[in-house]
Amino acid sequence: GAKENGRGRAAFFEAEMDAALRRRRALEGDLRRAMAQGDLHMVYQAQVDEGRHVVGLEALVRWTHPAHGNIPPVIFVPLAEECGLIGELGEYILGRVFADTAQWRHCPVAINISALQLRQTDFMASITRQVALHAADPANYEIEITETVLLGDDPVTRDNIAVLKQEGFTIALDDFGTGYSSLSSLQRFAIDKIKIDRLFVRNIQSDDPETRRLVHAVIQLGQSLGLEVIAEGVETETQMAQLLTAGCRRFQGYLFGMPMPADALPHMRDVFPSIPPVTG
Ligand code: C2E
Ligand code: MG
Ligand code: MG
Ligand code: MG
């Protein structure tokens, strides 16, 4: 009867939830192990100027799982946030980036920091530890935060950003235009740079003139506030041309280069002459 059906369904969902929970727990354990064994690594994607010279790099974390293959950061970064591992993962990433790049000069490296990591009271201790360990110069690094960081005006976050700036780090707002940041929050948090989200970059090719005008307006707005503006996710020459017309002078995307391991970067010097030599 209906009751039995209902019971059957409930049991089915319970079994499904158990399985999902078990998979999560297993993945969590795997992530802990991967960090302990140094199995996560960083790749770097070029940021270029209008002449397509490399003017910076963004560090992106990669995890090749022994059984499941590549697990994207949009899966395991939130997982780390949920299971209380984000502080550890964040410090691991900082350590890897500084180790890879501390010898590079005149090529700023951007590091993504999770909103949750930035809200922790021991964040500055963690980054200071890694800076000291690798003798990194904060002036060569940019901290990428997302608009959710600015929401709610968390005092710990605000302190951390202020101290980061005092130490010499640059602050970039990632995925700009997708969230809810107000102009006043850009100024309150003293943001140095905005990264126009690739959704807008795609929209710059829109047939709808209103949509195109909006993208132009966002770029001009950033510039009139004295911010550096970079477009991310640039994939086509048409997008690049339209962005140039809109006044954008910094670009990142597959059109200019895929993210790649640090030791592969020097081999790209013919393509990207301004890539610094890696020593040691
Ligand atoms: P994000 O910081 O906005 O990074 C840009 C993402 O777009 C990267 O994906 C990059 O590989 C990809 N991408 C670059 N150029 C293009 C393009 O031309 N077209 C398209 N379709 N995509 C492009 P990835 O590495 O999978 O990272 C996804 C997100 O995961 C990042 O978005 C960032 O929010 C997060 N993430 C990545 N690495 C880290 C990390 O080290 N720490 C933290 N906290 N988050 C990270
Ligand atoms: Mg980013
Ligand atoms: Mg982004
Ligand atoms: Mg994005």
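Residues numbered from 1 in each chain as written. Chains lettered and ligands numbered in written order. Predicted model: local features only at pLDDT ≥ 70, side-chain atom pairs only at ≥ 80, totals over all residues. Heavy atoms only, no water.

The nonpolar side chains of soluble globular proteins are, as a tendency, buried together. Ranked by internal contacts, the top residues of the largest apolar core, which has 75 residues, are Ile-127 and Ile-145. The element contributing the most residues to this core is helix 3 (residues 86-101), with 7 residues. Once you skip the residues sitting within four places of it in the chain, Ile-145 turns out to touch Ile-113, Leu-118, Leu-150, Ile-161, Ile-171, Ala-172, Leu-173, Asp-174 and Ile-191. (Core = buried A, V, L, I, M, F, W, Y, C linked by side-chain atoms within 4.5 Å. Buried < 20%, exposed > 50% of the residue type's maximum accessible area, 1.4 Å probe, protein only. Helix = DSSP H or I, 4+ residues; strand = E, 2+ residues; numbered from the N terminus. Contact = heavy atoms within 4.5 Å.)

Glancing now at the layout of surface pockets. The computed volume of the largest pocket comes to approximately 1200 Å³. As for the largest pocket, its lining consists of 42 residues, of which Glu-58, Leu-60, Val-74, Asn-112 and Asp-174 are closest to the centre. Of all the secondary-structure elements, those providing two or more residues to the lining of the largest pocket are strand 1 (40-48), strand 2 (54-65), helix 2 (73-82), helix 3, strand 4 (109-112), helix 4 (115-118), helix 6 (147-150) and strand 6 (170-176). In terms of residue class, the lining of the largest pocket is built from 19 nonpolar, 12 polar and 11 charged. (1 Å grid on protein atoms, 1.4 Å probe; cavity = no way out; pocket = protein on both sides within 12 Å on 5 of 7 lines; lining within 4 Å. Points joined across faces, edges and corners; volume = space filled by probe spheres on them. Nonpolar A, V, L, I, M, F, W, Y, C, P; charged D, E, K, R; others polar.)

Binding of the magnesium ion (ligand 3) to the protein goes through Asp-174 (OD), Asp-175 (OD), Glu-232 (OE) and Glu-232 (OE), at separations of 2.1 to 2.4 Å. Between the magnesium ion (ligand 3) and the magnesium ion (ligand 2), both coordinated by Asp-174, there is a metal-metal distance of 3.8 Å. (Donors = N, O, S within 2.8 Å, 3.2 Å for Na, K, Ca; no water.)

Next up on the list: the coordination of the magnesium ion (ligand 2). Coordination sphere of the magnesium ion (ligand 2), protein contribution only: Glu-58 (OE), Asn-112 (OD1), Glu-144 (OE) and Asp-174 (OD), at 2.0 to 2.3 Å. Expressed as a motif, the donor residue spacing for the magnesium ion (ligand 2) is E-x53-N-x31-E-x29-D.

This part takes up the packing of aromatic side chains. Counting across every chain of the model gives 3 aromatic pairs. Between the aromatic rings of Phe-98 and Tyr-141, the centroid separation amounts to 4.8 Å while the plane-to-plane angle is 80°, which identifies the pairing as edge-to-face. Pair noted here: Phe-98 is in helix 3 and Tyr-141 is in strand 5 (residues 141-145), with a separation of 43 residues, a long-range link. Here Phe-98 and Tyr-141 have matching classes, each one buried. Centroid distance Phe-251 to Phe-256: 6.1 Å. Interplanar angle 40°. Geometry classified as tilted. The class for Phe-251 is buried, based on a relative accessible area of 0%. (Phe/Tyr/Trp six-rings, centres within 6.5 Å; stacked < 30°, edge-to-face > 60°.)

Position of Lys-195 relative to the elements: it lies in strand 7 (residues 193-196). In terms of polar contacts, Lys-195 uses its side chain to reach the side chain of Glu-144, at 2.8 Å. Within polar-contact distance, the side chain of Lys-195 engages the side chain of Gln-252 at 2.9 Å. Leaving out residues up to four positions away in the same chain, Lys-195 has contacts with Gln-47, Glu-58, Glu-144, Leu-173, Asp-174, Asp-175, Phe-176, Ile-230, Glu-232 and Gln-252. (Polar contact = N/O pair within 3.5 Å; in protein donor to acceptor, adjacent residues only side chain to side chain.)

Turning our eyes to something else, we now look at the side chain of Glu-142. Examined against the element boundaries, Glu-142 turns out to sit in strand 5. Among the polar contacts listed, one links the side chain of Glu-142 to the side chain of Lys-193, at a separation of 3.0 Å.

So, on to the UniProt feature "coiled-coil region" (unreviewed entry) in the protein. Under the present numbering, the feature "coiled-coil region" (unreviewed entry) in UniProt falls on residues 10-37. For the annotated span residues 10-37, helix accounts for 100% and strand for 0% of the residues, and the straight-line distance between the end C-alpha atoms is 40 Å. (UniProt positions renumbered as here; feature names shortened; annotations may be inferred.)

The general pattern is negative phi for most residues beyond glycine and trans for most peptide bonds. Backbone geometry at Arg-52 places phi at a positive 65°, although glycine is not the residue there. Examined against the element boundaries, Arg-52 turns out to sit in the loop between strand 1 and strand 2. At Ala-135, a residue that is not glycine, the phi angle is positive and equals roughly 50°. With respect to the secondary-structure elements, Ala-135 resides in the loop between helix 5 (123-134) and strand 5. For Ala-135, a relative accessible area of 61% translates into the label exposed.

Let us look at the confidence of the model for the protein. For the protein, the mean per-residue pLDDT works out to 89, and 94% of the residues sit at or above 70. At the level of chain-chain contacts, confidence expressed as ipTM amounts to 0.98, with global pTM at 0.91. (pLDDT = per-residue confidence, 0-100.)

What follows covers the site of ligand 1. Near ligand 1, the surroundings consist of 24 residues, among which Arg-62, Asn-112, Asp-174, Glu-235 and Tyr-254 are the closest. The contact in question runs from an oxygen atom of ligand 1 to an N or O atom on the side chain of Asn-112, over 2.9 Å. A distance of 2.8 Å separates an oxygen atom of ligand 1 from a polar side-chain atom of Asp-174. Protein burial of ligand 1: of its 800 Å² of free accessible surface, 84% is covered by the chains. Because more than half of its atoms lie within 2 Å of the grid, ligand 1 is assigned to the largest pocket. Sorting the residues of the shell around ligand 1 by element identifies strand 1, strand 2, helix 2 and strand 6 as the ones contributing at least two each. Of the residues that constitute the shell around ligand 1, the class distribution is 11 nonpolar, 5 polar and 8 charged. (Near = heavy atom within 4 Å. Areas by Shrake-Rupley, 256 points an atom, 1.4 Å probe, with all protein chains shown as cover. Sits in = over half its atoms within 2 Å of the grid points.)

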